[in-house]
Structure formats: structure tokens, C-alpha cells
Amino acid sequence: MAVETIAHDWEFDRFDDGSQKIHTEVQLKNYSKFLEEYTSQLKGIEEALDDSIGDVWDFTLDPIALKLLPYEQSSLLELIKTDNKVLNKVVTVYAALCSEVKKLKYEAESKFYNGLLYYGEGVSDTSVVEGDSQIQMGRFISFFQELSCFVSRCYEVVVNIVHQLAALYNSNKGATKIIESSGVHFQIVYEHLGELLVVLLTLDEIMENHGTLKDHWKMYKRLLKSVHHNPGKFSIPEEKLKPFEKLLLKLEGQLLDGMILQACVEQRFDDPGEGVAVAKNSAFAEEFASNIRTIFTNVESKIGEPSEIDQRDKYAGVCGLFVLHFHIFRSVDKKFFKALLDVCKKVPAVTLTANIIWFPDNFLITKVPAAAKLMDKKSLQSIRVQRDTYLQQRALTLTKDVQSYYVFVTSWMMKMESILSKEHKGSLSVFCSSQGILYAYSISTIIKTTMNMYMSMQRPMTKTSVKALCRLVELLKAVEHTFHRRSMVVADSVSHITQQLQSQALNAIGIAKKRVISDKKYSEQRLDVLSSLVLAENALSGPSTKERRLVVSLALCVGTQLKTFKDEELLPLQLVLKKLDLISELSERVKLQCDCSFLYWHRAVFPIYLDDVYDNAVDAARIHYMFSALRDSVPSMLHAKHLESCDQLLECYDKEIMDVFNEHLLDKLCKEIEKDLRLSVHTHLKLDDRNPFKVGMKDLAHFFSLKPIRFFNRFIHIKAYVTHYLDKTFYNLTTVALHDWATYSEMRNLATQRYGLTMTEAHLPSQTLEQGLDVLEIMRNIHVFVSRYLYNLNNQIFIEKASNNKHLNTINIRHIANSIRTHGTGIMNTTVNFTYQFLRKKFYIFSQFMYDEHIKSRLIKDIRFFRETKDQSDQKYPFERAEKFNRGIRKLGITPDGQSYLDQFRTAHQPDWFVPDLEDIVNFEELVKEEGLSEETQKAASVLDSVLGDLTSNSAEGTEYFKMLVAVFAPEFRSAKNMHLRNFYMIVPPLTVNFVEHSISCKEKLNKKNKTGAAFTDDGFAMGVAYILKLLDQYLEFDSLHWFQAVRDKYKKEMNAVVKEQNVQSASQDEKLLQTMNLTQKRLDVYLQEFELLHFSLSSARIFFRADKTAAEEIQEKKDKEDAAKAGDASDGSTPNEPASK
């Protein structure tokens, strides 16, 4: 072994300096860090892919909800099992009665209250047709029948509860005792009895406040009278009418006369058949009164306090029990009656359901008149005064309340979010959840009481109060949403908390049980106590269902006698059970307290609320809460029975809310955004003061960051709505006024930049969509067209000279192409024909002008002068001669509109259209040879070339329109009889001087207010000059004048002189003279530039007419082409059989 050990030791160096350990730790740390990052990455991917895994639930999007309410599978008989048979029976009876009360209450709240409340709703006042009311009531009769059965059932349950309680507390000495009841107080049973009486009281109040229902009932009865007189007309057997009328009378007496509760308390409780004495049972009377007082004491201490939860409802129950006690035993405790009325000073009114408000003082005075007589009138009057005071104080304190609750609720929400975050799962405290419910209860009470009291007492409410109440509604929904967002974590925590509370309760009961067992004095009463404690333990050892908690409460009513629990033990136990109730019904209570279905009756506040949201856009997101509150009334509307289908009511409500929303928010928002965009784009017009420091500024962009709002079966997306409105408006207005396209395009861009709206491009072009003027139309009125349109050579476009509209019409190649496409290529011949006719007329005037003695003599003189002096003037025609000619013509006289003969001659030009050249098509055979492709490819290319050649020659035939127009006039122009036209080239220089002066004056007019005669282009003149020079074959003669060179020299010389003068004058510092010099220099620049432009235009125009060749050269070229063609034909004819032999 020793040898082995040594060998093992020497596997590594025996010296350990700890570095290995450090290295291992570093690696482990790195690995754990990697694992953490990887896990969080996977979690992120998982959450991104699957919404349902996320911890946060969205109230508006969830297709499913999580119900936390545990469901009891066992029956009451199975739950209540001890060896004490008598106790079992007692507890079972009371548990069954309490469960029955809860069921009846649930049925009333969900079905009957809503059915009655919504009667008559969903029908607009304007569209009511005669007979509609009776039809509605007809549909409603079956509902009344059901309600009648329900009320009868309630009466039976009340009688049964009273009998069961009276049997337990029997003052008759001879009667056998069921159990020893001296220290047993079934307070919970009395509470349930009170709840049932409140249900009947609520039905009475609904009937009392329902004017529409009563009116329709009267109309229906009147209708029945008519039917009674003429049953044949309505095809109803007479024998059926009588029973129906009796049924109606019964229903009216039972339900509509406000006697539902009264009839219940006035029932005959002493029934000899039952063998139970009630009215004469003094022990029961005392027990009844004692329980009422105990319940009242518990309620009074909490009512009106911040920790109040359901005390108001219990107070209504106490009042109901007091009235029942009075009607059974006919005794009044004046002191207690006064105490009941004193609560009214703290709580002036109680909301029973929705918009039904109940005034306890009125109720007690009418139902217990004997006690009311004992009270002095002043104290009763003071209660009514207190009501008014309460409303006035509430109006003053509402804003403060809102601020304080705002802080409370938001801080609570933050606590909830932090506690329920992923790190602290399962640690939701009872305090946090109960705190949320307390806030919800307080806020709900303030809203309901204030709104309903204002409505009931018909007092006007200020806008400030309305806004404050709406803020409270939002807070209420915020509480609900917080619970809902964390449904998963809350559900997880609730089960832990209930288990913890159950174990605390079991511990307390266990201690008491040991105490009972340790006491050796056995008696029936002690056995009852022990059995009840065992029963409570059994009930607590399971899920925290309603039934089990009820059994625990009933068991402890028996188990707490004989001082089983010490005082310091009993109070904590009661507190634990209260908490258990609260936590077990957490989601139900949250839903109940945050239910805003009462807003349906106060929807008149909605427009004011929307105006407030619009004015304070910063916190626009709160609108989600308000819509959530408005949605709450939808489930209750489904119980409406007076319409064919409850969908009618829902549609009516939906339409009403949406109309208000559109009017008070969406439409205002659209208009405001549009106005802002318009004013921003038109700032140059200085429309009004838009300084935000003076007129204030509303940032409406907050509305566009809102998530879509859920309402009914739709989502309202404010951003999309406004975007659609602007798109539609901009598009429609652009179609009406196309010249405004740029403005709306700018507004669209601004909307994207400023508000983040994704606008749709209108795709409306910046010019007209139609094909423009038709060629045939132009040809038919060619004289009008020539006088109204100018030509631009660079863009190949005609532009209207002047127009009454805000835009100028244009005609370009696309328009001409459209016309050709419409009419076919045949119109080209017509066009050339029209042009020929028009030119003929114009050339006649042209010939006359040139023949005029003044012009002819001056031109001959100028030609002679140029020939004599051209050597001295460097072969250039002097600028001064041209200018002198221009001025000389003006002296001959001018037209009324200020035009000289030369001006008129200049305007006699004719622009034309241009057709593409088909001679420059690529030779494919040459390209293929260059690339060195195969022989087959070369053959294919040569075939393609020959096909294209044929097509080209066919389509080009007769399309050289300029050539045609030149060919038709040239012989005539060049003939001997028109020798006077040979002087034309000499008039071109003065014509250009005249044109440049005219052109500059037109361009200057563009910047003036009166734009008559303004133009920025007129290349038709250059085209006209080039055409006539071609006709007369005078290009060489014109070029020999070197005219444009002479112009350039003249202006350069003058500009140099001005610069020299400026240099001289700058020394003398004469500002005025310098300014004049600058202006002169500018004018010379403009003239030179204009002459250069004309030179370029003329050069371009000459290319169109192939003016690089003289007439003689063209004839020679034509001859050469013909010879070449003949030679080609001869070579083709010499080898006719070669292809065949191949």
C-alpha cells in the first residue's frame, strides 16, 4: 500500500501553491456566467415567440381569463360530518339556508336587476313608433312572471330562516331544546337574512325609480282594454283574456306597487301547522335584537373609514332586519333607531346597484312609522340638510381626493409590480392585495355615491367635478388592470397565502381543542363545542371554498361558547378568517369593486371627459382605462329582455359612444392636425401669430403613440384614423386643384416628420393626367396655336404664352405620341398638309414684306456696304448697321400695341414637331463579326439586319417631314421671279437684335406683378430663321457675315471699357457713378448671354434642316446615292442561281 501511495503522490509535483484551485474557480465562474447569459437568451427567445408564456397579461387582448375561485365538489352533508348528529343537523340547516340566500342574491344581481334597469333603453326618443312601448312590455311579461316566482321564493326562504332560528331559541319551558343555545349566536345567518332583505329592497327601489316601466305598463293595460272590447279583431279567445288580466293584476300588486319588501315583512310568521312560535317567543326576540345590535356595532365602527369594505351593504341589511324585527315583534328600541339614523350623517346615501341610490332615513321613517313618531322633527330635518352639505363638501374636496388617491394608487401599483416581478414570485403579501381592494372600494364608493346623489337630487355638477370623477374611474380601472396584468403570479401567490392562513387558523383551533379535551367536566354543551371545533378543523383542511368557509363560521358560532378561546386568541382568529375570505375571493372582489357598469347611466360625462383628454394630450394613454370602464356595462346589457335581441341595445350603445368619440376627439384631432400642417407650410403668408410662448402649444403627437383602443369587437387606432383622414383630404384636394400637388406633398412630409404618421403617396402627377391637346385639334386651328404657344428647343416642348389659370398648358412629344396612338399614323400626312397651307399664307406675307420698297432698298444698300467694307471690318457685319436698321424700321411707324414692321415680321415663324431618325439602327452582322462568333450566328445576324432594313425603309418612307416641307417650297423660293427674297440673309442681323430686345423684355416681366406678355423661352424664332435660310440656300451667305462673332466682339469691347472706367472711378469714390457702371455691366452681360443663347438655338435648328450642305452639294449627294443603288442591283442580278445550288 505504501508503495502505491508514494506512486500516487508523485504523479504531480508535490508542491501545491494554490494556483490550480484559483484557475479552477475562474473557469467555473466563467462557465456559470455563460450559462446564465444563455438561459436568459433562451428565455427571451421563448417569450418573443410565444405571447402566452409572458408574465404580463393584456386586459384588452386576452382571449382567455384565469378564474381563481375554488369549486366545491363535496355536498354540505359530506362536509358537515361529526359524531354529534344533532349539531350536524343544526349546522347543515343553516349552511343550506345561507347557500340558498347567496344563490338568490346572485340571481337577482345578474339577471333581475339588469333586466329591470335596462328596460326601455336602446330605443332612441326620435324613432319611437306608436305601439312600440306596448310591444316591449309584451315581451317583458314573461320576465315579470319569472320575477314574481323569484320574489315568492325569497318570501319562503325568509320565513324558513325565521322559523329555523325561532326553533333554536325557544322561550317555551316545556319545549325540548335542540342544543344548548344560551351562548350560541348564529350572527352569520342573520347577516345572510339581511342580504336577502336588501335584495327585495333593491327591487322595490328599482321599480320606484323606473318611470318608463310604469308608463309602458299603463299603456299595456290600456291596450288590453281595447282587446277586451274587440277580441275577434286581435284573434285572441275571450276565455284566455280573463286569466291573463288576473295575472297582470297579481303582478302589479306584487311587484309594481313598491310593496315587495313590505309584503315580505308582513307575512304570517306564526303558523300553527309549523308548530313554531315566533311573535310570542321572547328568547328569540331578544336573540334577534342582540344579533342586530352586534352586527350594527361592527358596521358602525368601520363605516365611512378608509378600511371600509362591505359595511354599507351590511348597514342596509341591518336596516332591513330592524324593519323585519319591528313587524314580527312590534317593539321598537328608540335608542337603537336613533343610532341607525345617526349613521345617515356619516353616510347620507347607499348605492344598492348601478344608478339606484337608497336613502336610509326615508326608508326607516316610512317602514317604522311608530319609531318615527318618537323622533323629533328637527333631527330628521337635519339629516336632509346633511345630504346637501355632503354634496357641497364633496364638490370642494373632490380634486384633493383625486390627487391623494392618485399618489396612493400609483405607489401601490409600483409596489405590486416590484413584489410580483420575476425575482420575488410567490411573495405577494396579504397587505398588498387587501390594500388594492381597499383603494378600489373607497374610490368606487366616492364615484357611485357622488354621481348617483347628483342624479337623484337633480343637482347640476361642475365640469371640474366631472373631470375629477373621471380621473377616479381611471384609477379604479388601473387597480383592476394591475391585478389582471399579473394574473399568473397572483394566482400562484394566492394558493400559498390561503394555505398559510388556514394553518394559522388550524393552530388557533388546535390550542382551543386541547383546552376543551383537558377539562374533565363533560357536559352536552362541552361536547357540542368539541364537535364544532372538530368540524371547523375538518372544513379548514381542504381548499378554501365558499361552502367550507361558511361551515367554519357556523361551527365557530357554537365553538366559541364556554370561553373556549381567550380574548387575545379569538380576535386574531377572526382576523385570519376575514383575511381568508378576502384572499379566497380576491379576483371576484376585485372584479366587483372595479366594475364600472354604472357609467352607462352617467354616460353624459363622456363628452366632457374627451374634451379634457384632448386639452391635456400629455397623458392621453388614460383613455384606455375609460374605454375599459365603458365596456363593463356590456355583460349586464345581455340580460335585457324588452327588445327582440339584446344586440339592438349593444349596437345603440356602441353607436352612441363612437359618435361622441368621433365628435369630441377624433374629428377635432384631424382638423387640428390638418390646420397645423397648413399653417406650417404657409408660414410665408404670415397668417396669424403662432408663437408658442404667446398662444400656447398643444403637442398632439402623444395621441399617435397610443396603442389601439379596444371597444366592443373593434380596435380604434387613432394614428391610423388621422392618417387615413389626411390621406383622403390631401388626395381629394389635389384632384380638385392639381397645381397644389407640391403643397400637399410638403404637408405629407411634414406630417411624417412632426407626428410620425406613415402617409400614402397620392401618385397624382405634377401635370395633367389627360393626353393634352389633340394634334388634329391643333391643326384645325393652327393660326390660334401659333399665336398662343411658344417653343422650347432643348426640351422639345410647346408652352402656352399666357393663361387665366394658375398653370400653363404644355404639349410635348408624349402628347403627340398619344394623338398618333389614338388616330393612327395617317394623321401625319394631314398635319403636313395643314402646315403647308399655313406656311403658304405666311410666306405670301413674307414675300410682300421683302418686296416692300423701304425694306428692299435698305437691304440692297446694306449688302453693297458690307461688300465694300468687309476687308476693313475683318469680314464681320458691323453691329451698328443692324441696330440702325432696327431703329430705322421703327420710324416707319408702329401698330397700336407698339409693334414695328420688324416685330411683326419676326413673329411670322412656324415651329414644327420632330420625329425620331430611323437611320441609326445598329448593324448586327458587324457586331457579331467583331465578337468572332460562329458562322451560323453571323448568318442569323445578317438575316435580322435585312429584316430590320426592310422595316426601317418601309416605316421611314415619307416620314422625313422637314425634307418634304423644304422640297415643296425651295424651288419656288430659289426661282428667278422671287429674286427679291435673295436679300433675306441681310435682314437676319437686325431681326436678331429685335428678337433679343423682345426676349429680354419678356423675361423681365416674369418678376413683375403684371405678367402680361411674360415668357422665358421662344426658340420658334431660331427655327423659322433656319428654315427660311435653308429654303433660300443662304447659309453660306449668312455665315459670311460672321454676325455672332461681331456681336461678341462689340459687347466684349464695351464691357472692357466699363471695367476700365470702374477702375478709374473707384479711386474718386463716386458711389452713384459706380452703381451706374455696375448696372451697365449687368445689362451688357444679359444682352451678350441672350445673343449667345440665340446663336446656340440657331445652330441646333440648322441641324434639323441638314443645313451643313448647300443645295448643289445635296443634289450631288442624291446623284451618288442613286448610282450606288444601281450598281448594287446589277451585282445582285449577276448571281441569281447561287443560293439554289447551295
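Keep in mind that what you see is a predicted model, and the values were worked out from it rather than measured. (Residues numbered from 1 in each chain as written. Predicted model: local features only at pLDDT ≥ 70, side-chain atom pairs only at ≥ 80, totals over all residues. Heavy atoms only, no water.)

A few words on the environment of glycine 756. Tracing the sequence through the fold places glycine 756 in the loop between helix 29 (741-755) and helix 30 (775-780). Overall, the relative accessible area of 31% leaves glycine 756 in the partly exposed class. With 37 residues separating them in the primary sequence, glycine 756 and lysine 719 have C-alpha atoms 9.0 Å apart. Once residues within four sequence positions are removed from consideration, glycine 756 is found in contact with Lys719 and Ala751. (Helix = DSSP H or I, 4+ residues; strand = E, 2+ residues; numbered from the N terminus. Buried < 20%, exposed > 50% of the residue type's maximum accessible area, 1.4 Å probe, protein only. Contact = heavy atoms within 4.5 Å.)

Okay, the packing of helix 4 (residues 85-117) against helix 20 (residues 546-559) next. Packing of helix 4 against helix 20 leaves a shortest axis separation of 10 Å and a crossing angle of 135°. Viewed along their axes, helix 4 and helix 20 adopt a mutual orientation that is oblique. Between helix 4 and helix 20 lies a crossing of right-handed hand. Mapping the contact onto sequence places Leu87, Val91, Tyr94, Ala95, Cys98 and Ser99 in helix 4 and Leu550, Leu554 and Val558 in helix 20. In terms of residue class, the contact of helix 4 with helix 20 is made up of eight nonpolar, one polar and no charged. (Axes fitted to C-alpha atoms, helices over the stretch in contact; angles between N-to-C directions. Parallel < 35°, antiparallel > 145°, perpendicular 65-115°, else oblique. Left-handed = near helix turned anticlockwise from the far one by under 90°. Nonpolar A, V, L, I, M, F, W, Y, C, P; charged D, E, K, R; others polar.)

Looking now at the environment of serine 503. Counting through the fold element by element, serine 503 comes out in helix 18 (residues 487-518). A relative accessible area of 33% means that serine 503 is categorised as partly exposed. Expressed as a C-alpha distance, the spacing of serine 503 and serine 541, which sit 38 residues apart in the sequence, is 8.6 Å. Of the polar contacts made by the side chain of serine 503, one reaches the backbone oxygen of glutamine 500; its length is 2.7 Å. (Polar contact = N/O pair within 3.5 Å; in protein donor to acceptor, adjacent residues only side chain to side chain.)

Let us look at the pattern of salt bridges. Inspection of every chain in the model, using the stated rule, returns 45 salt bridges. Between glutamate 308 and arginine 312 there is a salt bridge, and its shortest N-O distance comes to 2.7 Å. This pair shows no difference in class: glutamate 308 is buried, exactly as arginine 312 is. Here arginine 526 makes a salt bridge to aspartate 519, at a shortest N to O gap of 3.4 Å. (Salt bridge = Lys/Arg side-chain N within 4 Å of Asp/Glu carboxyl O.)

Attention now moves to the sheet that holds strand 7 (residues 810-812). Across the sheet, which stays open at both edges, the three strands sit in the order 5-6-7 with antiparallel pairing between neighbours. Because the sheet does not close on itself, it has two edges, and the strands there are strand 5 (789-792) and strand 7. The mean inter-strand angle of the sheet, taken between neighbouring strand axes irrespective of direction, is 20°. As paired strands, strand 6 (residues 797-800) and strand 7 are joined by three bridges and run antiparallel to one another. (Pairing = 2+ DSSP bridges.)

Looking now at the packing of helix 15 (residues 377-419) against helix 17 (residues 463-485). Axes are the key here: two packed helices are described by the angle between their axes and the distance separating the axes. Contact pair helix 15 / helix 17: the axes reach a minimum separation of 9 Å and the direction vectors enclose 15°. Classified by the angle their axes make, helix 15 and helix 17 are roughly parallel. Seen from above, helix 15 lies across helix 17 with left-handed handedness. Side by side, helix 15 and helix 17 meet where Ala395, Leu398, Thr399, Val402, Tyr405, Tyr406, Val409, Trp412, Met413, Met416 and Glu417 of the first sit next to Thr464, Ser465, Ala468, Leu469, Arg471, Leu472, Leu475, Ala478, Val479, Thr482, Phe483 and Arg485 of the second.

Turning to helix 26 (residues 646-681), a few remarks are in order. The end-to-end C-alpha distance of helix 26 is 50 Å, a good match for the 52 Å that 36 residues give at a rise of 1.5 Å each. Its maximal kink placed at asparagine 662, helix 26 deviates by approximately 45°. Capping the start of helix 26 is the job of one residue whose side-chain oxygen sits 3.0 Å from the backbone nitrogen of aspartate 647: serine 645. (Expected span 1.5 Å × (residues − 1). Bend = angle between axes of the 7 residues up to and from the residue.)

Right, let's talk about the pairing of strand 6 for a bit. Side chains Ile797 and Ile799 of strand 6 all project onto a buried face; the interleaved residues Phe798 and Glu800 project onto the opposite face, where all are buried too. When strand 5 meets strand 6, the two strands line up antiparallel, connected through four bridges. In the sheet register, leucine 790 faces strand 6, and the bridge partner there is isoleucine 799. Taken together, strand 5 and the strand that follows it, strand 6, pair antiparallel across an intervening segment of four residues, in which glutamine 796 is found at a positive phi of about 50°.

It is worth spelling out a nonpolar patch on the surface at this point. Taken together, the side chains of Tyr31, Phe34, Leu35, Tyr38, Leu42 and Ile45 present a nonpolar region at the surface, about 600 Å² in accessible area. Here isoleucine 45 is to be found in helix 2 (residues 19-49). (Patch = residues over 30% accessible without salt bridge, like charges linked within 9 Å, V, L, I, M, F, W, Y side chains within 5 Å. Areas by Shrake-Rupley, 256 points an atom, 1.4 Å probe, with all protein chains shown as cover.)

Turning next to the packing of aromatic side chains. This structure, assessed with the given rule, holds 54 aromatic pairs. Measuring from centroid to centroid gives 5.8 Å for phenylalanine 34 and tyrosine 38, while their planes differ by 10°, and the two rings are stacked. Placement of both phenylalanine 34 and tyrosine 38 in helix 2 is noted, with a separation of four residues, approximately one turn of the helix. Using a relative accessible area of 45% as the deciding quantity, one classes phenylalanine 34 as partly exposed. The class of tyrosine 38 is partly exposed, set by a relative accessible area of 42%. Where phenylalanine 704 meets tyrosine 755, the ring centres are 5.8 Å apart and the plane angle is 80°; that geometry is what we call edge-to-face. Of this pair, phenylalanine 704 sits in the loop between helix 27 (692-695) and strand 3 (709-711) while tyrosine 755 sits in helix 29; the two residues are 51 residues apart in sequence, bridging distant segments of the chain. Here phenylalanine 704 and tyrosine 755 have matching classes, each one buried. An aromatic cluster of three or more residues is present, and its members are Tyr118, Tyr600, Trp601, Phe606, Tyr609, Phe627, Tyr653, Phe661, Phe711 and Phe712. Here arginine 881 stacks its cationic end above the ring of phenylalanine 865, 4.1 Å away from the centre of that ring. If you follow lysine 1050 out to its NZ or CZ, it ends over the ring of tyrosine 1051, 4.5 Å from the centre. (Phe/Tyr/Trp six-rings, centres within 6.5 Å; stacked < 30°, edge-to-face > 60°. Lys NZ or Arg CZ within 6 Å of the ring centre and 35° of its normal.)

Residues at a pLDDT of 70 or more form 88% of the protein, whose mean pLDDT is 84. For the protein, per-element mean pLDDT is lowest for helix 46 (residues 1138-1141), which scores 38, and highest for helix 6 (residues 187-208), which scores 96. For the stretch residues 1-7, pLDDT sits under 50, and the model shows zero contacts to residues farther than four places along the chain or on other chains. Counted against residues more than four places away or in other chains, residues 908-920, with its pLDDT under 50, gives 36 contacts. (pLDDT = per-residue confidence, 0-100.)

Looking now at the nonpolar core. Counting 231 residues, the largest nonpolar core has Phe144, Phe186, Phe661, Phe703 and Ile718 as its most contacted members. For this core, the element with the highest residue contribution is helix 5 (residues 132-168), accounting for 18 residues. Both domains that furnish three or more residues to this core are identified here as domain 1 (395-402 + 409-595) and domain 2 (597-755). Residues contacting phenylalanine 703, with those up to four places away along its chain left out, are Val613, Tyr614, Ala617, Ala620, Leu665, Leu669 and Ile718. If you look at the next biggest cluster of nonpolar residues, it comprises 77 residues, including Ala970, Val993, Ala1022 and Val1047. (Core = buried A, V, L, I, M, F, W, Y, C linked by side-chain atoms within 4.5 Å. Domains from an automatic or database assignment.)

Quick look at the side chain of glutamine 525 now. Considering the arrangement of structural elements, one finds glutamine 525 in helix 19 (residues 524-540). Residue glutamine 525 is classed as buried on the basis of its relative accessible area of 19%.

Mapped onto the secondary structure, threonine 1017 falls in the loop between helix 40 (984-1005) and helix 41 (1020-1032). Residue threonine 1017 is classed as buried on the basis of its relative accessible area of 9%. From its side chain, threonine 1017 meets the backbone oxygen of tyrosine 791 in a polar contact 3.5 Å long. Of the polar contacts made by the side chain of threonine 1017, one reaches the side chain of asparagine 792; its length is 3.2 Å. For threonine 1017, the residues in contact, after removing those within four places along its chain, are Leu790, Tyr791, Asn792 and Ile799.

Quick look at helix 24 (residues 623-631) now. Most of helix 24 sits out of view: eight of its nine residues are buried. Within helix 24 the residues assigned to the buried category are Ile623, His624, Met626, Phe627, Ser628, Ala629, Leu630 and Arg631. Among the structural elements, helix 17, helix 23 (606-615), helix 25 (633-637), helix 26, strand 3 and strand 4 (714-716) are those in contact with the buried residues of helix 24.

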